[in-house]
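Listed below are the residues making up each chain.
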Amino acid sequence: MQHRLKPSQYAVLIAIMLTASVGDSLLARGMVQVGHVDIHHLGLLWHALFNPYVDAGIILLIGFFSCYTTALSWADLSFVMPATAFGYVVIALLGRFWLHEQLSLSRWLGIALIVCAVGFVAGGPSRTEHGEPVHPELDQMDAGAGR
Amino acid sequence: MLHSADMLKVWGVIAFVAAFAVAGEVLIASGMRDLGDLDHIRARVGLFGTIRAVLSNVKFVIGALCMAFNFFAMLFALSIADLSLAGPAIASITYIGNAIAAKLVLGERVDQRRWLATAFVAVGVALLTR
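Here the structure is a predicted model, which means the values were calculated and not measured.

Reading the values: rules and limits
- Residues numbered from 1 in each chain as written.
- Chains lettered and ligands numbered in written order.
- Predicted model: local features only at pLDDT ≥ 70, side-chain atom pairs only at ≥ 80, totals over all residues.
- Helix = DSSP H or I, 4+ residues; strand = E, 2+ residues; numbered from the N terminus.
- Buried ≥ 20, exposed ≤ 12 C-beta atoms within 10 Å, placed from the backbone.
- Contact = placed C-beta atoms within 7 Å.
- Nonpolar A, V, L, I, M, F, W, Y, C, P; charged D, E, K, R; others polar.
- Expected span 1.5 Å × (residues − 1).
- Axes fitted to C-alpha atoms, helices over the stretch in contact; angles between N-to-C directions.
- Parallel < 35°, antiparallel > 145°, perpendicular 65-115°, else oblique.
- Left-handed = near helix turned anticlockwise from the far one by under 90°.
- pLDDT = per-residue confidence, 0-100.

What follows concerns the overall build of chain A. What chain A contains, in helices and strands, is 7 helices and 0 strands. In chain A, the succession of helices and strands from N to C terminus is α-α-α-α-α-α-α. Taken across its 147 residues, chain A has 37% of its residues classed as buried. Within chain A, contacts between residues at least 6 apart in sequence are counted, and of these 78% link residues at least 24 apart.

Take a look at the structure:
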């Protein structure tokens, strides 16, 4: 059986791409401000939690985690991972056309490879079937809700 | 010599972070597969019922703890290695590790198309930072 995605499910995949890439960028910028953390000064990791860039990155990564969890409930891990890699391309293209950074030939090649990868998985089924899932705990919740 | 020791430390941390990422993602994926489509669950028991169902799944909770540990390990890795090395290296190793674990642990049908996509992403991510 071929599992095709609904528009709302594509929206979840796009949200994963954007929140992960922007969240990682904010975290990286915040950690540059926090400075070097070594094994003897792990307390700096606590200090990092008070950096606004790290905080914004954490909020976006919580959003990413919610969307990612939702996607894994209806698609395979080996589908979701490459399908959401397009976020790397978004960041590179933002750098090129918004920040006017120069993209080297190898970066354009990297973009082309990721675009091809997304095309490969997007054209295939999103889920491997193992038989009907059993949810006894949800049946109990249903029974409780009906009272 | 010191340079080699430093590189060994950096790559050790990179492998450690990637291993926790793979463990966390596989556990979460397995937990979510056990639960089923969250959209259907929300339609049946509402948002709070869905959150309760997810948070009471043991695999999800252990996977989330792995991811939380991975998060702090990633911050540590970024502090001792350049983002241009640690970021793509961890991402590439995690992509390959996830595809292998998806096939061997989760029993997913990782066909030629998905292997190719995973390899393309791993190489593409590495090229993006050059």
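Attention now goes to the overall build of chain B. Secondary structure summary: chain B contains 5 helices and 0 strands in total. Counting helices and strands in the order they occur from the N terminus, chain B gives α-α-α-α-α. Dimensions of chain B, computed from the C-alpha atoms along their principal axes, are close to 60 × 35 × 25 Å. When each of the 130 residues of chain B is scored for burial, the buried share is 50%. The long-range fraction of contacts in chain B, counting pairs at least 24 apart against all pairs at least 6 apart in sequence, stands at 75%.

Across the contact, 45 residues belong to chain B and 43 residues belong to chain A. Residue assignment for the side of chain B that touches chain A shows that the elements contributing at least two residues are helix H1 (2–35), helix H2 (38–55), helix H3 (58–80), helix H4 (83–104) and helix H5 (112–128) of chain B. Take the side of chain B that touches chain A: its biggest share by element is 12 residues, from H5(B). Considering only residue class, the side of chain B that touches chain A consists of 29 nonpolar, 7 polar and 9 charged.

This brings us to H3(B). Look at H3(B): 33 Å from first C-alpha to last across 23 residues, which is about the 33 Å you get at 1.5 Å a residue. Turning to H3(B), its buried residues number three or more, namely B:Phe60, B:Gly63, B:Cys66, B:Met67, B:Asn70, B:Ala73, B:Met74, B:Leu75, B:Phe76, B:Ala77, B:Leu78 and B:Ser79.

All right, on to the packing of helix H6 (residues 105–122) of chain A against H5(B) then. In contact at an axis separation of 8 Å, H6(A) and H5(B) are set at 160° when each is read in the N-to-C sense. Here H5(B) runs roughly antiparallel to H6(A), going by the angle between their axes. For the pair H6(A) and H5(B), the sense of crossing is left-handed. On H5(B), the residues that touch A:Ser106, A:Arg107, A:Leu109, A:Gly110, A:Ile111, A:Leu113, A:Ile114, A:Cys116, A:Ala117, A:Phe120 and A:Val121 of H6(A) are B:Arg113, B:Arg114, B:Leu116, B:Ala117, B:Phe120, B:Val121, B:Val123, B:Gly124, B:Val125, B:Leu127 and B:Leu128. Partitioning the contact of H6(A) with H5(B) into residue classes produces 16 nonpolar, 3 polar and 3 charged.

Moving on: the environment of A:Phe65. Residues and elements named next belong to chain A. Here Phe65 lies in helix H3 (residues 52–72). A count of 19 C-beta atoms within 10 Å places Phe65 in the partly exposed class. Spatially, the C-alpha atom of Phe65 lies 18 Å from that of Leu49, the residues being 16 residues apart in sequence.

What follows is about the confidence of the model for chain A. All names here are of chain A. Predicted confidence across chain A gives a mean pLDDT of 78, with 82% of residues reaching 70 or more. The weakest mean pLDDT in chain A belongs to helix H7 (residues 136–145) at 48; the strongest belongs to H3 at 91. With pLDDT under 50 throughout, residues 141–147 is counted as low confidence; its partners more than four residues away or in other chains account for 5 contacts.

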